[in-house]
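Examination of the molecular architecture
This is what each chain is made of:
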Amino acid sequence: VVHAHARSGHAELVWQQPQEPVTGRVTNEAGEPLAGVSVSVKGTQQRSSTNNNGEFQIQAGGAADVLVFSYVGYENKEVSVGPQRTVLIQLATAETAIDEVVVVGYGAQSKRKISTAVSKVSGSSINHLPVTTPGNALAGMAAGVQVQSGGGDTPGQAPTIRIRGIGSLGGGNAPLYVVDGYPLQDASHFSRISPSDIESIEVLKDAASASIYGSRAANGVILVTTKRGKSGKTTFNVNAYSGLQQVYRKMEMMNAQEYLQYAKDARNASGLDYPDVFDTPEQLANTDWQDVIFQSAPMSEFRLQALGGNEKVQFSISGSYLAQKGTLKGTDYKLASMRTNLDAALSDRLKIGVNFAPSVSIRHQQPLPGVSGPASYVPVYAALLMPPVVSARLPNGDYGQNNVMPFTQYGFAETGIHNPLAVLELNENRQNTLNLFNNAYLSWQPIDGLEIKTQGGATVSALTNQTYIPSTLAYATSPFANLSTPSLAGIQSQTNSGRNIDWVWENTATYTRNFNDVHNLSGLLLFSMQKTDNQLVASTGRIGSFSNDIITNPTAATEQIGSLTYGRSSFLSYAARVNYDYKDKYILMASVRTDASSRFGPQNRFGVFQSYAAAWRISEESFMESQQLFNELKLRASYGETGNANIGDNTWMSSVIARNYSFGDARVPGTILQGLQNENLTWEKNKQVNLGLDAAFLDNRIYLTVDVYRKNTAGMLFSKELPAIVGYATSFYTNIGKLQNDGFEVDLQTTNLEGAFSWSTNLNLSFNRTKVLDLGGRESLNALAGTPGWPNVYKVEVGQPLGNMYGFIIDGVVRNEAQLNGNPQWPGSTVGSYQIRDVDGNGTINEGDRTLLGNGLPDFVYGMTNTLAYKNFDLSIVIQGVLGSNVINGASRHTELWVGRFNTVKGMANNYFDPANPDRDVKYARVGPRTGFSTAGELHTYAVYNGSFLRVRNLTLGYNLSERIAQKLRFSSARIYVAGQNLLTVSDYPGFNPEPSMYGDSVYQPGSDQGTYPSNRSYLLGINFGF
Amino acid sequence: CTDFVDLKYPTIVGQDQYYNTQSDFQAAVNGLYASLRPVYNDFHTLAELPSDNTQANDYTLGLLSLDQMTWLDNNTNIQNLWLNSYRVIGQANTILARINGISMDENVKARFIAEAKFIRALMYFNLVRFFGDVPLVVNEIKTEAEAYGYLRESVQVVYDQIELDLTDAIAILPSVGQVENDGRATKGAAQGLLGTVYVAQRSFEEALPILAELIGDGHYKLLDDYEALFLASNKNNEEMLFSIQYHSNGNAEGSNFSILFAPFGSGTEITSGGNPAQVNEGTQDLWDAFEEGDARKPVAIAKYSPTGVYYTRKFLDKPTANYEASNNWPVLRYADVKLLYAETLNELGRGSDAMDELNDVRRRADLDGLSGLGQAALRDAIQRERRVELCFEGHRWFDLLRTGNMVDVMSAYKEKGVGYQVDSYEVDSYKVLLPIPFRERSLNPKLTQNNGYE
């Protein structure tokens, strides 16, 4: 914006005050010139604004005249002219929500002028949070953003983040992360940013804001801006905290006495004798296996940051070290990371900058659903199932097992259940990761208002994963291995090394100009190329060929098996955008992007994505001048298109893969054809309409944002099932079907109290409903399992929301012959079986009686942050939760069963059908031999819980040393704080985590739990000082 | 600039680059054999478990319903059988559709075609016996739309195709003698299969010459030692017409029967450990079916004394991991052929010739030969012999279906009341056919369902 001189329209005032104009320069806190700052003389009509160098001149009167400087995103400043008639002004960044600058794709805008749906989370609200990944810090912070830790508090695990529901059934649903302008192809680079380094996170929610990222923006875009240096005195900031984590909740399982009674009843019911020892439980162990596998785990982090620079060069350098032990033994995470941001002005018109952020991490994992390893030895699960009468450790140091005498004789042997402590102590799964994030730019302003910028970057990650099962660990292959009875035949070892290299080159030209002081116009052109290349090399020792137990890598095997996989993809993009506003009042935006990607069929590689947005700032209208209520009132409307490219690299191809055979014992190479080729495979397109309202009331103390949207996904990237008769493919990737997301979001920021006691609240609420509109001609997809063993649970059906869970309704227990014969029964039922409801009323119980039992996706997601301060104390409370979801307790397949082989929930003790007393009110069917409906074989009402929860996610109480004392200690500021994470979770679900997902971020099978990692509660103490 | 988005993938062989040379087709035919493994890995769950020979356990879900004949159309094993069988057929069709016009040794080409037809026929024979009418696909399906163009064809049409394929195969395939018996399809295997196909249709007149020729050729014989038949060290012996080849080489290309069939808790006593899964447990009824002194019995069925569970010793091996055992799965062996021949002769009124064939099999088992039986008695004797001779090898259920005895035999078995939860058996005549899998019908609602399942 160029306004070099006072305009001639003010000439009539000039002669009244025939003095030299006042001149000066306006900069920001970093010393950078601010262009377009409005300058006026208080109480007069005199106005001017700054040029590109921040310089201005204005006609002013005497030395007592007051100049007012105002600029979007900055605090207003008033300065007396003084005698020298030259002023140097530094403007401070504005605090009020309405004046914020919001980072948008390839640029930044005043929040006033935003016409799309963008949520901003400022760094200050997350910098202090003791979280291991920035994703966790986003939970409950922004409307429309759901953060789910389906894997509990697994150390180092990034949560699943979804923006405005689920847009794709076949492509991924993760948003695009853009860090300092770099669109990440590997989201792990986002997870490694220290929350302290974050200046702000902007979430581009509607398609109009995200569309400038085209083919990868369908699931929204998360823009991360890291802190950059400021000119002036170098400041150091140290933040360190340390604390303890505990498992938030244990499951209520039977103790030895209850378990033996139950086992006895099961035996009796089968007509079997039981060992005498069942009557004397004290002779056997009474192990609480959950206590055995869980621990109080320390966690600490140290962060150091230095910011500074001069007018030419600014820097920000930070380093952090995080060490987290897991509450599940044998798991931990350590992360050391660094970030260097440098900016330098080579001349008034030439700037360069570099970001460089290396990090290394080490992570120890244990078998979990989703982590490789046989499901049966998932320790969290095994700890629930292992009979309490088995000891964790034996006198000779061995691990107690249930598959040896005397437990085999008692009938407690169960294939696949092994001592979970042995797994946690002996199994090794270590992952070392090195990540490098590099980004550099050169920016040139050939003429005022035009910026040409070229930006190049590369991200590199190198990963080594070493897994080892020693000879002493009992599992499927060597079920009797123990410390004193090692078995070389059971050793397994694998080493994987992967590297992922991605580079991007982006070039933009931005032109900004004001015409006649009323028309503001800016335009953007973009050309971008990006390419990813990854490679994974794996070496496995052949099981059974290990010669020793001394070294743990595959070279201990006489035979090693190698494998090699590659992945590659590339994107080529062009884009343009125009922003226009008339007097800040009527705002228009339009953009278009064309992308081509290797991921799609050669016939259909190019996609065009356009967007339009408009806003009307009613509060700027003259008829609003007289009202006092609104400081801001803006209506927004937008439409945009985005694409989804989150599918594998070559899913369109049909290929020939190896399937070797042997004739006699001579192995021969064989091949089979796999996959139906689809050369037309292309983008999944998302079209989204968004209507929004921004309003600030009561002197900006209340800021309300409301958005309503409809997002239609069409031509979904979708793995469509094929009839099996095709032979070489049972599904193929194609573009079919439609999905709709409707939702509304409310974001309310209030300043409740100001002054000595201050209190502000940020409340957000999001409603989203995903509905399936079309499945390419089919009415439903083939149902998927609820957990392994519960088939046909999750159904995707036209006209229905995603995440529906189907199963059978248990109407209590069949109490007598009359009931047995008088009602339709599950095949094989007897008295004492479960009575299953004949939902379709056809007189038989069969698949047709499967009915809707719940839905794994929430209707509402909400969050509330309260920030309070009184004198030197500050308190912040983050509350977060979901409403309207259901959770499947998959563990109950075994922990609420009929056989006395697995440990069982406490609630089942003395709560099952007793043939001697058939009318007693009991929940569970008879124990002993299975008859009729098996709760292990089909999902049923007992296993489905309300998944709504409310969680006090973070509570931090800080005490700031007074400035006087701090300075005595040579600090500029000093703060000590205590924090509690997850102090309270209100939930009906009895499991370890109220938002579990054993299938990771699957949109087909949400809300299923079977041995997932628990969520933690933690208490931390920290200090924070600057100097 | 579009080159930038046209990438080559270093580890992927596109189908357009393949199926051009003799070696491509050699590998494709090898792969076709390899795709038989998934079919036979679980074949016992449908070909033995529903019968009176074996029973399921409490814990392996889905299997109890197969044992008790309470299966539903969503049963995983039924679905997998369908899927894996058509997967083999699809590979065979791809080879047959693409091999013409490729320049290569014409004799080799002819043999590849014959092998593909043999394997395709074997799969359709299984399908037609389990499901009755099935979609008959003999071309490579190239588009999604084509896949919906196939509906169920009548049993007769399917059998016609099977007979056509096998007749073609017999004309081309070499005999054992001309080539080593290494597990590839041979003329004898195709003859034996065609004979079985005719017997299954009770077309004894047509079965007779085929079986007579096969036996007359003298390429096969009954091994003296019944146990040696099944040894992993004695694969493709003179009694084996066709078996699925398994090979322990650390790449899960072996079989898993030894671990799957071993009783719970047997640990390393019987096999090498793993998780003995007891998924195909012998019944008391089968144990009792062996005559006194039957030399086959200790091999065919044994009792695990700690739990009293019966298991077979036909697939004994000590693999280092799951799917690393070397036991083959016998699909067709000479004793089976002899007994089918005996049955054919008996049905055609040649009882004494039939008895000779039957007695050959009995004498190998150290049992006395039978004599003087009438047609009906001999019919029963042959079926009894088949039951004990071929138990655990995936024949019993088909024999019950073929002879029309399923309902009688299974009802009688249930009546005896001995066996795991036999009270819960639901023996119905419609269960001679399995339901068409739920998945297939939900994809293509035009596929009809078998009687009794809707």
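Data block above holds the structure.
Rules used throughout
- Residues numbered from 1 in each chain as written.
- Chains lettered and ligands numbered in written order.
- Predicted model: local features only at pLDDT ≥ 70, side-chain atom pairs only at ≥ 80, totals over all residues.
- Pairing = 2+ DSSP bridges.
- Helix = DSSP H or I, 4+ residues; strand = E, 2+ residues; numbered from the N terminus.
- Axes fitted to C-alpha atoms, helices over the stretch in contact; angles between N-to-C directions.
- Core = buried A, V, L, I, M, F, W, Y, C linked by C-beta atoms within 7 Å.
- Buried ≥ 20, exposed ≤ 12 C-beta atoms within 10 Å, placed from the backbone.
- Contact = placed C-beta atoms within 7 Å.
- Nonpolar A, V, L, I, M, F, W, Y, C, P; charged D, E, K, R; others polar.

1. Some thoughts on the sheet that holds strand S46 (residues 944-946) of chain A
Residues and elements named next belong to chain A.
- Across the sheet, three strands lie side by side as S46-S45-S49; this open sheet has mixed pairing. The open sheet is flanked by S46 and strand S49 (1008-1009), the only strands paired with a single partner.
- As defined by bridge partners, strand S45 (residues 886-889) adjoins S49 across two bridges and the pair is classed as parallel. Directly across from Asn889, in S49, lies its bridge partner Asp1009.

2. As for the sheet that holds strand S3 (residues 47-49) of chain A
Residues and elements named next belong to chain A.
- Overall, antiparallel pairing links the four strands, which are arranged S3-S2-S5-S6 in an open sheet. Among the strands making up the open sheet, the edge pair consists of S3 and strand S6 (77-80). Looking at each pair of strands side by side, their axes are set apart by 25° on average, direction ignored.
- Looking at chain direction, strand S5 (residues 66-70) and S6 are connected through four bridges and run antiparallel. If you follow Val66 over to S6, its bridge partner there is Ser80.

3. Some remarks on the nonpolar core
- Judged by nonpolar contacts, the single largest core of 161 residues is most densely connected at Phe118(B), Ile119(B), Leu166(B), Ala190(B) and Leu193(B).
- Ranked by the residues each element gives to this core, the list is headed by helix H6 (residues 106-131) of chain B, at 15 residues.
- For Leu193(B), the residues in contact, after removing those within four places along its chain, are Ala121(B), Leu122(B), Phe125(B), Leu166(B) and Leu332(B).
- Core analysis: the next-biggest nonpolar cluster, separate from the first, contains 69 residues, Leu284(A), Val390(A), Tyr475(A) and Val899(A) among them.

4. Quick word on unusual backbone geometry
- In this structure, the amide linkage connecting Met405(A) to the following residue, Pro406(A), adopts the cis form with an omega of 0°.
- In this fold, Pro406(A) is placed in the loop between helix H7 (379-385) and helix H8 (407-410).
- Not every positive phi belongs to a glycine, and Met69(B) is a case in point at roughly 60°.
- If you trace the backbone, Met69(B) turns up in the loop between helix H4 (63-67) and helix H5 (76-99).
- For Met69(B), a count of 19 C-beta atoms within 10 Å translates into the label partly exposed.

5. Some remarks on the interface of chain B and chain A
- Each partner contributes to the interface: chain B provides 71 residues, whereas chain A provides 71 residues.
- Elements represented by at least two residues in the side of chain B that touches chain A include exactly strand S1 (13-14), helix H1 (22-34), H5, helix H7 (144-147) and helix H19 (438-443) of chain B.
- It is H5(B) that provides the largest number of residues to the side of chain B that touches chain A, a total of ten residues.
- Each residue belonging to the side of chain B that touches chain A can be placed in one class, and the counts come to 29 nonpolar, 31 polar and eleven charged.
- Here strand S30 (residues 655-658) of chain A pairs with S1(B) via two bridges, running antiparallel. Looking at S1(B), one finds that Val656(A) is bridged to Val13(B).

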